[in-house]
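These are the residues of each chain, in order.
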Amino acid sequence: MSARESSLDTVQRELTAFARRARATAARMHPELSLVAYTILAHLEERQGCRATDLAAHYLLDKSTVSRQVAALEKLGFIERRVDDTDHRVQVLHLAPGGIEILAAARASRQESVQVRLAAWDPEDLERFARYLVRYNADAAAHP
């Protein structure tokens, strides 16, 4: 195995471990807010609302999968549907007050967790890690 193949294998293994740990951490911090639910709420916050079909397209998910997630988040009082101002046939999903509150609490809890994990890191290493994550995510977005 070449050095590049070995490095790629390590990256893949570590990203898998990272994702597994993120799901487990999300469940511990907010049992009622899964990682998927958190990302949907964060997306709605960032976009200031969107249609369910937009969520399905963004996350490359089946519409029925998104529909189930949306229904669960609605039932919990985290999101609400509003009629689109420009097209009254369209319903746009927005954060409800409960969604705003739980998203803020989850974000604060996750931020604290990251701060604890990285507290001993050298500032230059932390900056480099942040730049690499931004670069990785930009490349991933450009090449889905």
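Structure first, text after, so check above.
What comes next is a walk through the structure. From a predicted model like this one, the values you see are computed outputs, not experimental measurements. (Residues numbered from 1 in each chain as written. Predicted model: local features only at pLDDT ≥ 70, side-chain atom pairs only at ≥ 80, totals over all residues. Heavy atoms only, no water.)

Some words on the pattern of salt bridges
- As enumerated under the stated definition, the model contains ten salt bridges in all.
- Of the charged contacts in the structure, one is a salt bridge between arginine 13 and glutamate 14, with a shortest N-O distance of 3.8 Å.
- On the accessibility criterion, arginine 13 (42% relative accessible area) is partly exposed.
- Given a relative accessible area of 46%, glutamate 14 falls into the partly exposed group. (Salt bridge = Lys/Arg side-chain N within 4 Å of Asp/Glu carboxyl O. Buried < 20%, exposed > 50% of the residue type's maximum accessible area, 1.4 Å probe, protein only.)

Re unusual backbone geometry
- At glutamine 48, a position not held by glycine, the phi torsion is positive, near 55°.
- The topology assignment puts glutamine 48 in the loop between α2 (35-47) and α3 (52-59).
- Using a relative accessible area of 66% as the deciding quantity, one classes glutamine 48 as exposed.
- A positive phi angle, near 55°, is found at leucine 60, a position not held by glycine.
- Summarising the element assignment, leucine 60 is placed in the loop between α3 and α4 (63-75). (Helix = DSSP H or I, 4+ residues; strand = E, 2+ residues; numbered from the N terminus.)

Focus: the packing of aromatic side chains
- Overall, the coordinates contain one aromatic pair when judged by the stated rule.
- Between tryptophan 121 and phenylalanine 129, the ring centres sit 5.2 Å apart and the planes meet at 50°, which makes this aromatic pair tilted.
- The exposure class assigned to tryptophan 121 is partly exposed, which follows from its relative accessible area of 36%.
- Judged by its relative accessible area of 34%, phenylalanine 129 falls in the partly exposed class.
- One residue, arginine 110, lies across the ring of tyrosine 38, its end atom 3.8 Å from the ring centre. (Phe/Tyr/Trp six-rings, centres within 6.5 Å; stacked < 30°, edge-to-face > 60°. Lys NZ or Arg CZ within 6 Å of the ring centre and 35° of its normal.)

Things to note about the layout of surface pockets
- Each pocket or cavity is described by its volume, and for the largest pocket that value is around 2100 Å³.
- Of all the secondary structure elements, the ones that give two or more residues to the lining of the largest pocket are α1 (3-29), α2, α3, α5 (97-118) and α6 (123-142).
- It is α1 that contributes the most residues to the lining of the largest pocket, 14 residues altogether.
- Of the residues assigned to the lining of the largest pocket, the class counts are 27 nonpolar, seven polar and nine charged. (1 Å grid on protein atoms, 1.4 Å probe; cavity = no way out; pocket = protein on both sides within 12 Å on 5 of 7 lines; lining within 4 Å. Points joined across faces, edges and corners; volume = space filled by probe spheres on them. Nonpolar A, V, L, I, M, F, W, Y, C, P; charged D, E, K, R; others polar.)

Some details on a nonpolar patch on the surface
- A surface patch of nonpolar side chains, amounting to about 330 Å² of accessible area, comprises Trp121, Leu126, Phe129 and Leu133.
- Examined against the element boundaries, leucine 126 turns out to sit in helix α6. (Patch = residues over 30% accessible without salt bridge, like charges linked within 9 Å, V, L, I, M, F, W, Y side chains within 5 Å. Areas by Shrake-Rupley, 256 points an atom, 1.4 Å probe, with all protein chains shown as cover.)

Regarding the nonpolar core
- Grouped together as the largest cluster of nonpolar side chains are 20 residues, with contacts concentrated most on Leu33, Leu41, Leu44, Leu55, Leu73 and Ile79.
- Those elements that place two or more of their residues in this core are α2, α3, α4, β2 (91-95) and α5.
- With six residues, α2 is the single largest residue contributor to this core. (Core = buried A, V, L, I, M, F, W, Y, C linked by side-chain atoms within 4.5 Å.)

Some words on the pairing of β2
- The buried fraction of β2 amounts to four of the five residues, a majority that puts the element mostly inside the structure.
- Direction of pairing for strand β1 (residues 79-83) relative to β2: antiparallel, over a ladder of five bridges. When the bridges of β2 are listed, arginine 81 appears paired with leucine 93. (Pairing = 2+ DSSP bridges.)

The analysis is restricted to geometry; functional conclusions fall outside its scope.
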